[in-house]
Amino acid sequence: MTEERWVWGAGLATIADDGTVLDTWFPSPAAGRIPLGYDPQLPPDELDRLAVPDARRSVEVEIVTLEIDLDAAPASTSDAYLRLHALSHRLAAPNTVNLDGIFGHLPNVAWTTAGPVHPDALTRLRPFLAREGIQVQGLDKFPRLLDYVTPPGVRIADASRVRLGAYLSPGTTVMHEGFVNFNAGTLGQSMVEGRISQGVVVGDGSDIGGGASIMGTLSGGGTHKVSVGARTLLGANAGIGISLGDDCVVEAGLYLTAGTKVVLPDEPRRADGSPTTAKGADLSGRDGLLFRRNSLSGAVEAVRRAGVGVTLNEALHA
């Protein structure tokens, strides 16, 4: 096991009255093992000053120092949070971190503008939180990325649309209706106006159009990890359940799944004169294809296209 497959960090764990660890924030996680000579009893001053109870939320805040093997399954809530931080700090790419059983280590949390609150305490604390101007923003296992990490060189129009554990490369813009789940993201400059589901990666220079959707593997029993290549356009309100290669286009409004029957106009016709067809899965990952719906027949078609795909606005993604 090389040190590159380890991550360590010193952080702050929020602990409810019943002992539940609600979250852990690691401000500066790093690749490798805990350095020789590092003394967990002498944490950084900024953490020491912040490790104080918060009676408003009925929580304690404690310092945690942890190192994890990225190839092993999560073993605790703090371990799970360090894995999500490793992804969002770009220490590990999506689908390279063992996240088996992570949901079991992430409690459901009431996320407020002052930090996490145990859901069982929320009803009792609500009037006191309201008096302090503290609002509840959600009830979920995963928090917002920007409450923990500020990825350099990235624009996120609506903080609620990107979860901690998202991997966003410099030059990525996530617009108001875009969404990026944990263990998913962009591998270069990208425009995200649609949904990037868990496990999905989008290549450099690609555009996920408004309202577009990419299938993940959390629901439906699928196992294929969908990816989108470089310079590829997923049109507005389109959707895919197969991977796209480089320089592809899916026209607006077209939903393409593994079982979709696709006509191939560029291929020779069959002996009986009928067009050659393929399932969507057979075309998964191929480069230079335009997927469209024939406006006369209604058939889904895949035709070869020459040259590069979309070109992003350089000023917008600088």
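Reading the values: the criteria
Residues numbered from 1 in each chain as written. Predicted model: local features only at pLDDT ≥ 70, side-chain atom pairs only at ≥ 80, totals over all residues. Heavy atoms only, no water. Patch = residues over 30% accessible without salt bridge, like charges linked within 9 Å, V, L, I, M, F, W, Y side chains within 5 Å. Areas by Shrake-Rupley, 256 points an atom, 1.4 Å probe, with all protein chains shown as cover. Salt bridge = Lys/Arg side-chain N within 4 Å of Asp/Glu carboxyl O. Lys, Arg positive; Asp, Glu negative; His and termini not counted. Charge placed at Lys NZ, Arg CZ, Asp CG, Glu CD. Helix = DSSP H or I, 4+ residues; strand = E, 2+ residues; numbered from the N terminus. Buried < 20%, exposed > 50% of the residue type's maximum accessible area, 1.4 Å probe, protein only. UniProt positions renumbered as here; feature names shortened; annotations may be inferred. Contact = heavy atoms within 4.5 Å. Expected span 1.5 Å × (residues − 1). Bend = angle between axes of the 7 residues up to and from the residue. Phe/Tyr/Trp six-rings, centres within 6.5 Å; stacked < 30°, edge-to-face > 60°. Pairing = 2+ DSSP bridges.

On the surface, Asp-17, Asp-18, Glu-60, Glu-62 and Asp-120 cluster together into a patch of negative charge. Tracing the sequence through the fold places Asp-120 in helix H4 (residues 119-131). Residue classification places Asp-120 among the exposed positions, given a relative accessible area of 67%.

Under the feature "binding site: Mg(2+)" (unreviewed entry), the UniProt entry names Glu-177. With respect to the secondary-structure elements, Glu-177 resides in the loop between strand S9 (173-174) and strand S10 (179-180). You can call Glu-177 exposed: its relative accessible area is 57%. Setting aside residues no more than four positions away along its own chain, Glu-177 makes contact with Arg-161, Glu-193 and Gly-194.

We now examine H4. Between its terminal C-alpha atoms H4 stretches 18 Å, which fits the 18 Å expected from 13 residues at 1.5 Å a residue. Along its length, H4 shows its largest kink, about 65°, at Leu-125, and proline Pro-127 lies within four residues downstream of that point. All of the buried residues along H4 are Ala-121, Leu-122, Leu-125 and Leu-129. Lining the buried residues of H4 we find strand S5 (109-112), strand S6 (115-117) and strand S7 (136-140). Two residues or fewer after H4 comes Gly-133, characterised by a positive phi angle close to 75°.

For any two aromatic rings, the description comes down to two numbers: the centre-to-centre distance and the angle of the planes. Following the criterion strictly, the structure yields five aromatic pairs and no others. Here the aromatic rings of Tyr-81 and Tyr-148 are separated by 6.1 Å at their centres, their planes lie at 40°, and the arrangement is tilted. Of the two residues, Tyr-81 is situated in helix H2 (residues 77-88) and Tyr-148 in the loop between S7 and strand S8 (155-156); the sequence distance between them amounts to 67 residues. Across this residue pair, the class does not change: Tyr-81 and Tyr-148 are buried. Judged by centre distance (4.4 Å) and plane angle (20°), the rings of Phe-142 and Phe-182 are stacked. Of this pair, Phe-142 sits in the loop between S7 and S8 while Phe-182 sits in the loop between S10 and strand S11 (185-186), placing them 40 residues apart in sequence.

Turning to the sheet that holds strand S20 (residues 249-250), a few remarks are in order. Taken in spatial order, the ten strands line up as S8-S9-S12-S15-S18-S20-S24-S25-S22-S23 in an open sheet, and their pairing is mixed. If you trace the sheet from one side to the other, it starts and ends with S8 and strand S23 (277-279), each paired once. By the bridge criterion, two bridges tie S20 to strand S24 (residues 289-293) in an arrangement that is parallel. Residue pairing in the sheet places Val-249 in a bridge with Leu-290 of S24.

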